[in-house]
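Each chain, written out:
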Amino acid sequence: MPEPVASLVKGTLDLLVLRTLELEPLHGAAIAERIFQTTRGTFHVKAGSLFPALHRLEQNGLIEGEWEMPPKGRRIKSYRLTREGRRRLSAEKASWQRVVMAMTLVLEGA
């Protein structure tokens, strides 16, 4: 497994969170774990970055949080993607695919 990347490109964290929540509602720690697993350890999102991003996405109406009380343990806030979040995710995915294609052309000298 590669070493985690120290920093994300600006805007990448929001895209990672939106994509992660596209699959199913999750709480913060589960979102971070899913990103770590999905990126095969490349991105290790810490709480100090993740929770401000979740708050920002919630304030912008892209995700919704709901407090839950599991049978065992303490209450958790689970997040899900909103309709607007799905639209934003779709637009961001298209934009990133264009960036990746352009960077590939530059790096491979095509």
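Note that this is a predicted model, so its numbers are computed, not measured.

Caption draft 1: Spatial organisation of the overall build of the chain. For the chain, the helix and strand inventory stands at four helices and three strands. Order of helices (α) and strands (β) in the chain, N terminus to C terminus: α-β-α-α-β-β-α. Along the three orthogonal principal directions, the C-alpha set of the chain runs to about 55 × 35 × 20 Å. Residues classed as buried in the chain amount to 27% of the 110 residues present. Sequence separation of 24 or more characterises 51% of the internal contacts of the chain that already satisfy a separation of 6 or more. A total of about 7,800 Å² of accessible surface is found on the chain, and carbon and sulfur atoms cover 55% of it. Counting 17 positive and 12 negative side-chain charges, the chain places the centres of these two groups 2 Å from one another.

Caption draft 2: Examining the pairing of strand E3 (residues 76-81) more closely. Alignment of strand E1 (residues 26-27) against E3, held across two bridges, turns out to be antiparallel. Paired with Leu 26 across the two strands is Tyr 79, which belongs to E3. The pairing of strand E2 (residues 63-68) with E3 spans six bridges and is classified as antiparallel. Following the sheet pairing, Gly 65 is matched in E3 by Tyr 79.

Caption draft 3: Representation of the packing of helix H2 (residues 28-38) against helix H3 (residues 47-59) within the structure. Direction vectors running N to C along H2 and H3 enclose 115°, while the axes themselves pass 10 Å from each other. The angle between the axes of H2 and H3 places the two elements in the roughly perpendicular class. By crossing handedness, the relation of H2 to H3 is classed as right-handed. Mapping the contact onto sequence places Gly 28, Ile 31 and Ala 32 in H2 and Leu 50, Phe 51 and Leu 54 in H3.

Caption draft 4: Highlighting the packing of aromatic side chains. Considering all chains together, one arrives at zero aromatic pairs under this definition. Over the face of the ring belonging to Trp 67 we find Arg 75, whose NZ or CZ atom lies 4.0 Å from the ring centre.

Caption draft 5: Fine view of H2. All buried positions along H2 are accounted for by Gly 28, Ile 31, Ala 32 and Ile 35. Down the axis of H2, the smallest arc covering the buried residues is 95°, so these residues share one side. Buried residues along H2 sit against helix H1 (12-23), E1, H3 and E3. Backbone geometry just downstream of H2 places Arg 40 in the positive-phi region, at approximately 55°.

Caption draft 6: How the structure looks around unusual backbone geometry. For Arg 40, which is not glycine, the phi torsion reads 55° and is therefore positive. On the basis of relative accessibility, which here comes to 64%, the residue Arg 40 falls in the exposed class.

Each value, and the rule that gives it
- Residues numbered from 1 in each chain as written.
- Predicted model: local features only at pLDDT ≥ 70, side-chain atom pairs only at ≥ 80, totals over all residues.
- Heavy atoms only, no water.
- Helix = DSSP H or I, 4+ residues; strand = E, 2+ residues; numbered from the N terminus.
- Buried < 20%, exposed > 50% of the residue type's maximum accessible area, 1.4 Å probe, protein only.
- Contact = heavy atoms within 4.5 Å.
- Areas by Shrake-Rupley, 256 points an atom, 1.4 Å probe, with all protein chains shown as cover.
- Lys, Arg positive; Asp, Glu negative; His and termini not counted.
- Charge placed at Lys NZ, Arg CZ, Asp CG, Glu CD.
- Pairing = 2+ DSSP bridges.
- Axes fitted to C-alpha atoms, helices over the stretch in contact; angles between N-to-C directions.
- Parallel < 35°, antiparallel > 145°, perpendicular 65-115°, else oblique.
- Left-handed = near helix turned anticlockwise from the far one by under 90°.
- Phe/Tyr/Trp six-rings, centres within 6.5 Å; stacked < 30°, edge-to-face > 60°.
- Lys NZ or Arg CZ within 6 Å of the ring centre and 35° of its normal.
- Arc of directions from axis to C-beta.

Shape is all these values report; function is a separate question.
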